[in-house]
Amino acid sequence: MDVLDLARLQFAVTGSLHFLFVALTLGLAPLVAIMNTRYVRTGNPEHERMTRFWGQIYVTNYALGIVTGLVMEFQFGMSWSGLSHYAGDVFGAPLAIETLVAFFLESTFLGLWIFGWHRLPKRLHLACIWLVALTAYASAFWIMVANSFLQNPAGATVQGDRLALTDFGALLSNPTLVMALPHVLSAGLLTAGCVVMGASAYQLYRRTAERAFFTTSLRIGVVTAFVGGFLTVGFGYAQFGFVETVQPDKWSANALAGTGLGSMQSIGETLQLITFLLLVCVKWLPRWRWAQPVLMLLTALPFIALVLGWIAREEGRQPWLIYGKLTVADALTPGLTAGQITLSFLAFVGVLGMLAVVDYLLIARLVRRGPGVVALGEQPAPQPVLTF
């Protein structure tokens, strides 16, 4: 395998691993916000417990996902300096905005929400989690703006030996962004719905004492997965018409050879059918012990579809990195050796793989423990009053 193939494989593997964290974060954020809203509106302590339990899983995934994102930033400078030189003035702008949104606004609001339990007024505390969800969606928007620029370099013209941004509005209204963004956000809902559904099915299969808690959670997961699956498939197919106007050969048989698009479509459509059937049977699912292991197995399907969909979107424009402007080979850092890229590949994949394993082990542990022991939002112990 030559240097170019190694660099592409490195970015594909690390990008796929990072995307798994992102999708679950995007899906859980609005779910936790809705649960928190129900608690604030009704005052029902069961809604508070639900918010804290699923919120703790969200926070765990978010914290580890941030670290995986840092690896992606390293790769742009180490392996793809040709991209930075040629299109950094355009491609770097949405990435810089996303960094400000993700690391400053989103992290700040999330910190206020985590440490604001029993300290902030309930409605102000609720506003924090909704701002977390909105800024998470804003981060996804700017990432997709950058990715859509690679698919279709709108709003930029060649000046000398590099691209310059000439129309910021065109960058934000890119045809390859219009349907891709809601497709990604919907995939996040599908993923989160399946995780909530599978985790709840696991507890019900164990004959948990928290049966009412996980029965409600299971039904929330099924509804969320159905809505997410329906929108994911719809926006996925809607992209075809937009893409054909800027990349007419992208969905051809030759361009898609080996991309996994067919497999991804089959999984997305199968999940849509399955979630519809589950929605019809949602009233009886908590009682059907035989169905609960099946629901646990379904948890993996959206993650597989996520990776296949991302590969299809990226592989379909080869050999271009910026479609029609910059090839992947020209974007590669000059002088990069196979030994260097192999070493960094092993290091990056090792770190991300470890983080992925730790993330899912921690989530599994939290699910097994159930809502009885949750650190997030725990009532602080009363401090002793000193008297003299």
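Note that the structure is predicted; figures quoted are calculated from it, not measured.

Trainee: Just give me the short version of the overall build of the chain, but keep the residues and values in it.
Mentor: A tally of helices and strands in the chain yields 13 helices and 4 strands. For 388 residues, the compact-globule estimate of 2.2 N^0.38 gives 21 Å, and the C-alpha radius of gyration of the chain, at 22 Å, lies within 12% of that figure. Split into buried and exposed, the 388 residues of the chain put 52% on the buried side. Pairs at least 24 residues apart make up 83% of the contacts formed inside the chain by residues separated by at least 6 positions. Here the chain has roughly 17600 Å² of accessible surface; of this, 69% comes from carbon and sulfur atoms. Averaging the locations of the 23 positively and 19 negatively charged side chains of the chain gives two centres separated by 19 Å.

Trainee: Now, about unusual backbone geometry: what can you tell me, with residues and values included?
Mentor: Each neighbour pair has its own omega, and for glutamine 318 with proline 319 the value is 10°, a cis peptide bond. Mapped onto the secondary structure, proline 319 falls in the loop between α11 (301-315) and β3 (320-322). You will see that histidine 118, though not glycine, has its phi angle at about 65°, which is positive. Structurally, histidine 118 is set in the loop between α3 (81-115) and α4 (122-151).

Trainee: Residue-level account of the pairing of strand β1 (residues 156-159), with values.
Mentor: Successive side chains on a regular strand alternate, one facing one side of the sheet and the next facing the other. Direction of pairing for β1 relative to strand β2 (residues 162-165): antiparallel, over a ladder of 4 bridges. Bridge pairing in β2 places glutamine 159 opposite arginine 162. The antiparallel hairpin formed by β1 and β2 contains 2 residues in its connecting segment, where glycine 160 sits at a positive phi of about 75°.

Quick notes on the rules
Residues numbered from 1 in each chain as written. Predicted model: local features only at pLDDT ≥ 70, side-chain atom pairs only at ≥ 80, totals over all residues. Heavy atoms only, no water. Helix = DSSP H or I, 4+ residues; strand = E, 2+ residues; numbered from the N terminus. Rg over C-alpha atoms; globule rule 2.2 N^0.38 Å. Buried < 20%, exposed > 50% of the residue type's maximum accessible area, 1.4 Å probe, protein only. Contact = heavy atoms within 4.5 Å. Areas by Shrake-Rupley, 256 points an atom, 1.4 Å probe, with all protein chains shown as cover. Lys, Arg positive; Asp, Glu negative; His and termini not counted. Charge placed at Lys NZ, Arg CZ, Asp CG, Glu CD. Pairing = 2+ DSSP bridges.

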